Amino acid sequence: IRLQPSYTLFPYTTLFRSPVWMRRREKNDNADYPKEQPTPVRHESAEDFVIARSGRTECRIVVPDSASHAVWYAASELQTFVFRITGAAIPIFTDRLPAGPHDIVLAPGTRHRDLFPVEDLRSIGGEGYMIRTSGGSLFIAGGGDRGVLYGVYDLLERFGCRWFTPGVSHIPHTRRLVLPPLDVVKKPAFEYRDTYLWEACDGEDRKSTRLNSITEY
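Thresholds applied
- Residues numbered from 1 in each chain as written.
- Predicted model: local features only at pLDDT ≥ 70, side-chain atom pairs only at ≥ 80, totals over all residues.
- Heavy atoms only, no water.
- Helix = DSSP H or I, 4+ residues; strand = E, 2+ residues; numbered from the N terminus.
- Buried < 20%, exposed > 50% of the residue type's maximum accessible area, 1.4 Å probe, protein only.
- Contact = heavy atoms within 4.5 Å.
- Expected span 1.5 Å × (residues − 1).
- Polar contact = N/O pair within 3.5 Å; in protein donor to acceptor, adjacent residues only side chain to side chain.
- Axes fitted to C-alpha atoms, helices over the stretch in contact; angles between N-to-C directions.
- Parallel < 35°, antiparallel > 145°, perpendicular 65-115°, else oblique.
- Nonpolar A, V, L, I, M, F, W, Y, C, P; charged D, E, K, R; others polar.
- Pairing = 2+ DSSP bridges.

On to the overall build of the chain, then. Helices and strands together make up the secondary structure of the chain, namely five helices and 10 strands. The burial tally for the chain puts 36% of its 217 residues in the buried class. Partitioning the contacts of the chain with sequence separation of at least 6, the portion at a separation of at least 24 is 61%.

Rendered as structure tokens:
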């Protein structure tokens, strides 16, 4: 009796048949995953916050005059990714200037204390954040500086950005970026968050995925 090789009993043997296995994989790559469907265009309302239209913007990012390095970094990340998504360059200013009609305010201070009372910010902890639209402006407040940065990444995810690994991400491209009215409050359920995967040890990637642990890599 002649026995035929069985891929069912010994699936690992396929790993040593690289030319055939790779050709089979390449042939089925497009068939394995559903095709991305176009996002339906949402009609704007008077309460929407328009960040970019036709690759142009009337917004500006505003940070406190005494902002920490982390808040400045959050502002630069928002500026960078909005440019990558839409091609629109949003300038960054400090709150020394008078409030504008289309501001994106990071770490709002005493000028906007009615929107973000000190007690509310304390209740969400140093890594919690709030995202709100009010009076024609967009606000990202945090219980601490890290909370502000996490709020920026939350906002970017609402635009469609995804960070999977240090070398794999998805940044959408559109000339029109519009947000509906927002009132978001987020507080991490756990103080320490980690996947314990070597691929997730990159410092840049850990910020965008909001990982935080006491483990030293």
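Turning to the environment of T94, a few remarks are in order. Position of T94 among the secondary structure elements: in strand β3 (residues 92–94). Sequence-wise, T94 and W72 are 22 residues apart; in three dimensions their C-alpha atoms are separated by 10.0 Å. Setting aside residues no more than four positions away along its own chain, T94 makes contact with V62, V63, P64, D65 and W72.

It is worth spelling out helix α4 (residues 145–158) at this point. The end-to-end C-alpha distance of α4, which contains 14 residues, comes to 20 Å, matching closely the 20 Å that a straight helix rising 1.5 Å per residue would cover. For α4, the tally of buried residues reaches 10 of 14 residues, placing the bulk of the element in the interior. For α4, every residue scored as buried is listed here: G147, V148, L149, Y150, G151, V152, Y153, D154, L155 and L156. With its phi angle positive at about 110°, G160 sits one or two positions after the end of α4.

Counting through the fold element by element, D103 comes out in strand β4 (residues 103–106). At 2.6 Å, the side chain of D103 and the side chain of R60 are in polar contact. At 2.8 Å, the side chain of D103 forms a polar contact with the backbone nitrogen of G100. Aside from chain neighbours lying at most four places away, what touches D103 is F49, R60, V62, G136, S137 and L138.

Between helix α2 (residues 69–86) and α4, whose axes approach to 8 Å, the crossing angle comes to 10°. Here α2 lies roughly parallel to α4, going by the angle between them. Packed against α2, whose contacting residues are A70, V71, Y73, A74, E77, L78 and F81, the element α4 presents D145, V148, L149, V152, Y153, L155 and L156 at the interface. For the contact of α2 with α4, the residue count by class is 12 nonpolar, no polar and two charged.

Turning our eyes to something else, we now look at the sheet that holds strand β5 (residues 129–134). What the six strands build is an open sheet, ordered β3-β2-β4-β6-β5-β10; its pairing is mixed. Of all the strands in the sheet, the pair left with one neighbour each is β3 and β10 (183–186). On average, adjacent strands in this sheet sit at an angle of 20° to one another, irrespective of strand direction. Pairing between β4 and strand β6 (residues 137–142): three bridges, direction parallel. In the sheet register, L106 faces β6, and the bridge partner there is I140.

Pairing of β5 with β6 involves six bridges; the strand directions are antiparallel. Within β6, the position partnered with I131 by the bridge is I140. Between β5 and the antiparallel strand that follows it, β6, lie two residues; G135 among them carries a positive phi value of about 60°. Of the strand pairs in this sheet, β5 and β10 are connected by four bridges, and their pairing is antiparallel. Bridge pairing links M130 to V185 in β10.

In this sheet, strand β8 (residues 168–170) lies alongside strand β7 (residues 162–165) in antiparallel orientation, the contact comprising three bridges. Across the sheet, W163 pairs through a bridge with S169, a residue of β8. With antiparallel pairing between neighbouring strands as the criterion, β7 and β8 make up a hairpin whose turn holds two residues.

On to unusual backbone geometry, then. In this structure, S54 is a non-glycine residue whose phi angle is positive, near 55°. When you line up the elements, S54 lands in the loop between β1 (49–52) and β2 (60–63). Phi at A107 is positive, roughly 55°, even though this residue is not glycine. In this fold, A107 is placed in the loop between β4 and α3 (118–123).

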